[in-house]
Amino acid sequence: MKTTKIILCMTLLFMGVQYNNAQDEMRIGGMLAYGTEIENIGLGVTAAFPIMDKMTIAPSFIFYLPKDEFGVKINWFELNANANYYFLDEGNLDVYGLGGLNYSSVSVKYDNSSIYGSGLSASDGRVGLNLGGGANFDIGTSFLLFSELKYVIIDQGQLVIAAGVKFSL
């Protein structure tokens, strides 16, 4: 019992030291994205929380601008939970691979009461996988620029190209 307590205390101490070191590297930011399936620009937020050496958890949210095609209004957003592994750290350039989960939600609405008597609408949400990579560019200021390319493996799939800025917390 005493050995278990000592191991638990040492583990918590080690995790606390890691967390305090990683706290300086937490980042939050914004981005512009383009999705090839929706063929539209999106606005997003992202974050990076270090969990161990060379690895971060990187949640993000992208809301694509609403589209109106032939009287059909389309709204699309995606929520991502990625893990980024940094395999290159060359001073001002950090390159990472990413993998994770994606939740995409699409809603469509057709509002033409003259044909059907009322509007029609439908929505659907899907879970998929993210695979890709990105790079952080430290330009010597309080923020850094980043770019990211990922493929969302979901139904017909979507390539997402994103770029933005991250601020250290």
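For the rest of this paragraph, the subject is the overall build of the protein. Each helix and strand in the protein was counted, giving two helices and eight strands. Element order for the protein, N to C, with α for helix and β for strand: α-β-β-β-β-β-α-β-β-β. In the protein, which comprises 169 residues, the share counted as buried stands at 31%. When the accessible surface of the protein is split by element, carbon and sulfur atoms take 65% of a total near 10500 Å².

Looking now at the pairing of strand β8 (residues 158–168). Pairing geometry for strand β1 (residues 27–35) and β8, over nine bridges, is antiparallel. Looking across to β8, one finds that isoleucine 28 is bridged to phenylalanine 167. Between strand β7 (residues 143–153) and β8, which pair antiparallel in sequence order, lie four residues; one of them, aspartate 155, sits at a positive phi of approximately 35°.

Turning our attention to the sheet that holds strand β3 (residues 55–69). Around the barrel, which closes on itself, the eight strands sit in the order β1-β2-β3-β4-β5-β6-β7-β8 with antiparallel pairing between neighbours. Recorded for the sheet is a direction-independent mean angle of 25° between the axes of neighbouring strands.

What follows deals with the confidence of the model for the protein. Close inspection of predicted coordinates is inappropriate in any region flagged by low pLDDT. Scored by pLDDT, the protein has a mean of 86; 82% of the residues are at 70 or more. Per-element confidence in the protein is highest for β1, whose mean pLDDT is 97, and lowest for helix α1 (residues 2–23), whose mean pLDDT is 45. The model gives residues 8–24 a pLDDT under 50, and that stretch makes five contacts with residues more than four places away or in other chains.

Reading the values: the criteria
Residues numbered from 1 in each chain as written. Predicted model: local features only at pLDDT ≥ 70, side-chain atom pairs only at ≥ 80, totals over all residues. Heavy atoms only, no water. Helix = DSSP H or I, 4+ residues; strand = E, 2+ residues; numbered from the N terminus. Buried < 20%, exposed > 50% of the residue type's maximum accessible area, 1.4 Å probe, protein only. Areas by Shrake-Rupley, 256 points an atom, 1.4 Å probe, with all protein chains shown as cover. Pairing = 2+ DSSP bridges. Axes fitted to C-alpha atoms, helices over the stretch in contact; angles between N-to-C directions. pLDDT = per-residue confidence, 0-100. Contact = heavy atoms within 4.5 Å.

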